[in-house]
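As a plain string of letters, each chain reads:
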2 protein chains.
Amino acid sequence: MSLLVVGSVALDSVYTPFGETADALGGSAVYFSVAGSLLAPVRVVGVIGEDYPVHELEALSSRGIDWSGVERAAGESFRWKGKYSYDLQSRETLETRLGVFAAFNPRLPDSHRDAEYVFLGNIDPVLQMGVLDQVRSPKLTVCDTMNYWIQGKRKELLALLERVDILMVNDSEARELSGDWNIHRAARWILERGPKRVVIKQGEYGALLMEPGRAFYAPAFPLEEVFDPTGAGDAFAGGFMAYLARTGETSPEAMRRAMVYGATMGSFAVAGFGIRGFDQIRLADVLHRVREFAELTHVPMAERIE
Amino acid sequence: MSLLVVGSVALDSVYTPFGETADALGGSAVYFSVAGSLLAPVRVVGVIGEDYPVHELEALSSRGIDWSGVERAAGESFRWKGKYSYDLQSRETLETRLGVFAAFNPRLPDSHRDAEYVFLGNIDPVLQMGVLDQVRSPKLTVCDTMNYWIQGKRKELLALLERVDILMVNDSEARELSGDWNIHRAARWILERGPKRVVIKQGEYGALLMEPGRAFYAPAFPLEEVFDPTGAGDAFAGGFMAYLARTGETSPEAMRRAMVYGATMGSFAVAGFGIRGFDQIRLADVLHRVREFAELTHVPMAERIE
């Protein structure tokens, strides 16, 4: 089943207590596709500037990432520079240079318009809507967003929510969007605005899948070494979507399994700088960790006290 | 199987955005026993002053709480006054008046010395050790502590850790005790100092059970209405211990089930002010929520992609 991601292809400079990167491959579409391609081929739509190290993208093609939908535009690539606190609990954006990303207007190659699993990375909701208009008959649409759009393009974002199957955001975004600090009420508020499901990412704690009247929690994998949280949420999205694309599933049970594959990819993402956490990961490693995840929350309830 | 808790029996004045209480029944031993008694009889050892509303304790006796080990001393009862932030994420202690609790030196009635399941609430580790010396042959000992003792009685606390089966603390306490901000490394550090298991409570996110080489995560129950987080951790401990006491279990599988019973009790505690959250709760309600918990993390993995 074909999987499409539309989002940023950026160059990240990240400072953590354990090291730093400069102009390393980053952006939501890169993290998404590097994680997702462990499970299913991924088509990327994005934009890069003239200065982007294209050979580094091309080196990832053999994993099953199709970059043919990434446009090369005149100007500089999108750059983000950030610094994490000593405990990785918070980060500060030092610099954002949008470059060619400022004028990004996703145009899907005709070959990409039959995509069945579509992930709308965090871009202007007007552009996200434009992508939906270009896709012929998607089986599952999932979108991300951020505080910038929640504040600046609220009406457009709410219109988009009426057309997507799942909103996937972090807890602060869910709170800001709904105006409610209780995460479960916030999720219900969102569900009443269109999406059939909401996935709320809670960083080091895990992620919540909310459906009407039902919740599922995938904790974060217990890691003694976390090097760089950048991209964990996008890697989660990549694992989530690629599991569904690989199996051709959209059932409620499959959604739960997809959450575990998402959390698995998030755990690989944070274990290395940039996308390096995925360097040594193969499908067998993914499946091994998925089994460990099942163990992490398995409650042997045979001996109930009723 | 006999269950004993040693801890504070206090009068709490709590301010939350949703209301306030004044001199309401509180303290670790009260929350522990009100929660635990839904599953198993609980014996309490503590101290109250001359001003304590004894009739309110006595009204709880019919639930299966034995207060005969609570000493009445000359002076004022332990009082705590605290205020929560608008989102209940943080709280400020406005006043602590130890009263008779300052001179508390737990003396177990002879009838209590055969206790098999022993919970050492957050008191001076020297006194916690004194309780262990009075118990004949406990089957499972669990202790709590707090930053005050971690800083002021570190040596005594480390000596205690060599003698207890489980340390049950919140994440900030685990971090301070170990000197490591990574919660999983912090847990390993603690495991290397004696306890066979560590339970790390993470408030609204849930709780982690760490054993050597194995972890289990019980998320917090998704609640749209949280009124007062006070006592949630002690109610968790009460559910955890009382499940084990009721079933006579200490197996690794039973520990996981106990975590779910603990999380269940925590979810009742926060749904009302003080111990009011338990007013309408019966065993059937506990079992119902335990089943909902199992659903919350159940991953139907039948269709693996291997």
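Quick note: structure is the one above.
Only a predicted model underlies this, so the values are computations on that prediction, with no experimental measurement involved. (Residues numbered from 1 in each chain as written. Chains lettered and ligands numbered in written order. Predicted model: local features only at pLDDT ≥ 70, side-chain atom pairs only at ≥ 80, totals over all residues. Heavy atoms only, no water.)

Q: Is there a simple way to explain the sheet that holds strand S5 (residues 42-48) of chain A in this structure?
A: Remark on secondary structure: sheet strands pair via backbone hydrogen bonds, oriented parallel or antiparallel. Residues and elements named next belong to chain A. Sheet architecture is open: nine strands sit in the order S6-S5-S1-S9-S10-S11-S12-S13-S14, paired in mixed fashion. What marks the edges here is a single partner per strand, and that holds for strand S6 (65-72) and strand S14 (214-219). When the angles between neighbouring strand axes are averaged without regard to direction, this sheet yields 15°. Relative to strand S12 (residues 197-201), strand S11 (residues 166-170) runs parallel, the two sharing five bridges. Residue pairing in the sheet places Leu167 in a bridge with Val198 of S12. Along the sheet, helix H8 (residues 232-247) contacts strand S1 (3-6), strand S9 (117-120), strand S10 (140-143), S11, S12 and strand S13 (206-211); its crossing angle with S9, the most-contacted strand, is approximately 165°. (Pairing = 2+ DSSP bridges. Helix = DSSP H or I, 4+ residues; strand = E, 2+ residues; numbered from the N terminus. Axes fitted to C-alpha atoms, helices over the stretch in contact; angles between N-to-C directions. Contact = heavy atoms within 4.5 Å.)

Q: Quick question: what am I supposed to make of the interface of chain A and chain B here?
A: When the parts of a complex come together, some accessible area is lost, and that lost area is often taken as the interface size. Every contact between the two is made by 48 residues of chain A and, on the other side, 49 residues of chain B. Overall, the association of chain A and chain B removes approximately 4,600 Å² of surface from exposure, summing both partners, and the carbon and sulfur fraction of that is 58%. Where chain A meets chain B, there are ten salt bridges. A salt bridge links B:Arg175 to A:Glu204, with the nearest nitrogen and oxygen atoms 3.9 Å apart. At the junction of chain A with chain B, the criterion picks out 20 residue pairs in polar contact (both at pLDDT 80 or more). Every element with two or more residues in the side of chain A that touches chain B is listed here: helix H6 (171-178), helix H7 (183-191), S14, H8, helix H9 (252-269) and helix H10 (283-297) of chain A. Top element by residues in the side of chain A that touches chain B is H10(A). It accounts for six residues. In terms of residue class, the side of chain A that touches chain B is built from 22 nonpolar, seven polar and 19 charged. (Buried area = accessible area lost by both parts, 1.4 Å probe. Salt bridge = Lys/Arg side-chain N within 4 Å of Asp/Glu carboxyl O. Polar contact = N/O pair within 3.5 Å; in protein donor to acceptor, adjacent residues only side chain to side chain. Nonpolar A, V, L, I, M, F, W, Y, C, P; charged D, E, K, R; others polar.)

Q: Even after reading the chapter, I still don't get the pattern of salt bridges, so can you show me in this structure?
A: When their charged atoms lie close together, side chains carrying opposite charge are able to pair. Per the stated rule, a full pass over the model turns up 52 salt bridges over all chains. With a shortest N-O distance of 2.8 Å, A:Arg276 and A:Asp279 are connected by a salt bridge. Owing to a relative accessible area of 49%, A:Arg276 belongs among the partly exposed residues under this scheme. Among the salt bridges present, the one from B:Arg257 reaches B:Glu249, with a minimum N-O distance of 3.9 Å. Neither residue differs from the other here; B:Arg257 and B:Glu249 are each classed as buried. Salt bridges sharing partners connect three or more residues here, namely A:Asp23, A:Asp51, A:Glu76, A:Arg79, A:Lys81, A:Glu95 and A:Arg97. (Buried < 20%, exposed > 50% of the residue type's maximum accessible area, 1.4 Å probe, protein only.)

Q: Would you mind showing me how to read the sheet that holds strand S1 (residues 3-6) of chain B here?
A: All names here are of chain B. Across the sheet, nine strands lie side by side as S6-S5-S1-S9-S10-S11-S12-S13-S14; this open sheet has mixed pairing. A single partner strand is all that each edge strand has here, and the edge strands are strand S6 (65-72) and strand S14 (214-219). Each strand axis lies, on average, 15° off the axis of its neighbour in the sheet, ignoring direction. In this structure, strand S9 (residues 117-120) lies alongside strand S10 (residues 140-143), joined through four bridges in parallel fashion. When the bridges of S10 are listed, Phe119 appears paired with Val142. Contacting strand S5 (42-48) and S6, helix H2 (residues 54-61) crosses the sheet at an angle of about 155° to S6.

Q: Honestly, the relation of the copies chain A and chain B in this entry has me stumped. Any pointers?
A: Aligned on chain B, chain A shows an RMSD of 0.0 Å; the corresponding rotation is 180° and the shift along the axis is 0.0 Å. What the superposition gives is, in effect, a two-fold axis relating one chain to the other. A symmetric contact is evident, with 100% of the interface residues of chain A recurring at the interface of chain B. (Least-squares fit on C-alpha atoms with pLDDT ≥ 70 in both.)

Q: Sorry, what's going on with the pairing of S11(A) here?
A: Side-chain direction in a regular strand flips from residue to residue, so the side chains alternate between the two faces of the sheet. Residue and element names in this part refer to chain A. Of all the five residues making up S11, four are buried; the element is thus mostly covered by neighbouring parts of the structure. One ladder, built from two bridges, connects S10 with S11; its direction is parallel. Along S11, the bridge assignment pairs Cys143 with Leu167.

Q: Which parts of the structure should I look at to understand helix H7 (residues 183-191) of chain B?
A: Turn by turn, an α-helix covers 3.6 residues, leaving residues three or four places apart pointing in a common direction. Residues and elements named next belong to chain B. Summarising burial for H7: eight of the nine residues are buried, a large majority. Taken together, the buried positions of H7 are occupied by Ile183, His184, Arg185, Ala186, Ala187, Trp189, Ile190 and Leu191. Buried residues along H7 sit against helix H5 (154-161), strand S11 (166-170), helix H6 (171-178), strand S12 (197-201) and strand S13 (206-211). At the N-terminal boundary of H7, the capping side chain belongs to Asn182, with an oxygen 2.9 Å from the backbone nitrogen of His184.

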